[in-house]
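Next come the chains, spelled out residue by residue.
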Amino acid sequence: MSRWWLICCVVWGVRVCSVRADFVKNSTGFGPGGATVEDVELMRRVVGAEIGVKAAGGIRTLKDARVMIQAGANRLGASAGVTILHETREKEHNHE
């Protein structure tokens, strides 16, 4: 991650915290890139525990969802949500 991006995120995070946003989001999920673990971790560090972090874009499997949650997201934007739920049910059924 570039130093410029890190500085922008810190400034942005301070502004978000000062207006008491409920959530921050990495993107709309409709662009060429999606959520990355690094971006979600940085957003969580910047906004702290009081503000939610939504990861969107590129989350297509249960494993992807778990990785983003572990990185700090507590809300996900995934067009594959139904597929992820089916995968969750299947794993629960198989006791994995």
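Sequence order sets the numbering: in each chain, residues are counted from 1 along the sequence as written. The predicted nature of this model means local features are confined to residues of pLDDT at least 70 and side-chain atom pairs, given and counted, to a pLDDT of 80 or more, with totals for whole chains, interfaces and linings taken over all residues. As a rule here, side-chain values come from all non-hydrogen atoms in the structure, and water together with hydrogens is ignored.

### Focus on the pairing of strand β2 (residues 52–56)
For every residue, the accessible area (1.4 Å probe, protein chains only) is compared with the maximum for its type, and the residue is labelled buried under 20%, exposed over 50%, or partly exposed between those bounds. The helix count covers DSSP runs of H or I at least four residues long, the strand count covers runs of E at least two residues long, and both are numbered beginning at the N terminus. With four of its five residues buried, β2 lies for the most part within the structure. Note: two strands are recorded as paired if DSSP finds a minimum of 2 bridges between them. With three bridges connecting them, strand β1 (residues 23–25) and β2 associate as parallel partners. Each bridged residue has a counterpart across the sheet, and for Lys25 the counterpart in β2 is Lys54. As paired strands, β2 and strand β3 (residues 75–77) are joined by three bridges and run parallel to one another. Bridging across to β3, Ala55 finds its partner in Leu76. Each parallel crossover has a hand, and for β2 linked through helix α3 (residues 62–71) to β3 it is right-handed. Orienting the strands away from the viewer, one traces the path from the first strand over the helix to the second; a clockwise path indicates a right-handed crossover.

### Notes on α3
Among all positions in α3, only Leu62, Ala65, Met68 and Ala71 are buried. The contact criterion used throughout is that any non-hydrogen atoms of two residues lie within 4.5 Å. Where α3 is buried, its residues meet α2 (37–47), β2, β3 and α4 (81–93). Positive backbone phi, approximately 130°, marks Gly72, located one or two places after α3.

### Comments concerning the nonpolar core
Counting 15 residues, the largest nonpolar core has Val24, Val40, Val53, Ala55, Ile59 and Met68 as its most contacted members. At four residues, the largest contribution of residues to this core is made by α3. In this structure Met68 touches Ala35, Thr36, Val37, Val40, Ala55, Ile59, Ala73 and Leu76, once residues within four positions along its chain are discounted. Residues enter a nonpolar core if they are buried and are Ala, Val, Leu, Ile, Met, Phe, Trp, Tyr or Cys, with the set joined through side-chain atoms within 4.5 Å.

### Examining the sheet that holds β1
In space, the three strands of this open sheet follow the order β1-β2-β3, with parallel pairing throughout. Looking at which strands have only one partner, the edges of the open sheet turn out to be β1 and β3. Pairwise comparison of adjacent strand axes, ignoring direction, gives a mean angle of 25° for this sheet. Orientation is described by lines fitted to C-alpha atoms, with helices fitted over the stretch in contact, and by angles between N-to-C directions that extend from 0 to 180 degrees. Running at roughly 165° to β2, α2 makes contact with β1 and β2 of the sheet.

### Considerations on the packing of α3 against α4
Where α3 meets α4, the axes come as close as 9 Å, and the angle between the chain directions of the two elements is 95°. Here α3 lies roughly perpendicular to α4, going by the angle between them. Across from Leu62, Lys63 and Ala65 in α3, the residues of α4 making contact are Ile84, Glu87, Thr88 and Lys91. Side-chain classes are defined by residue name, with Ala, Val, Leu, Ile, Met, Phe, Trp, Tyr, Cys and Pro counting as nonpolar, Asp, Glu, Lys and Arg as charged, and the others, Gly among them, as polar. Considered class by class, the residues forming the contact of α3 with α4 number three nonpolar, one polar and three charged. Should an angle lie under 35 degrees it is considered roughly parallel, over 145 roughly antiparallel, and from 65 to 115 roughly perpendicular; all remaining angles are considered oblique.

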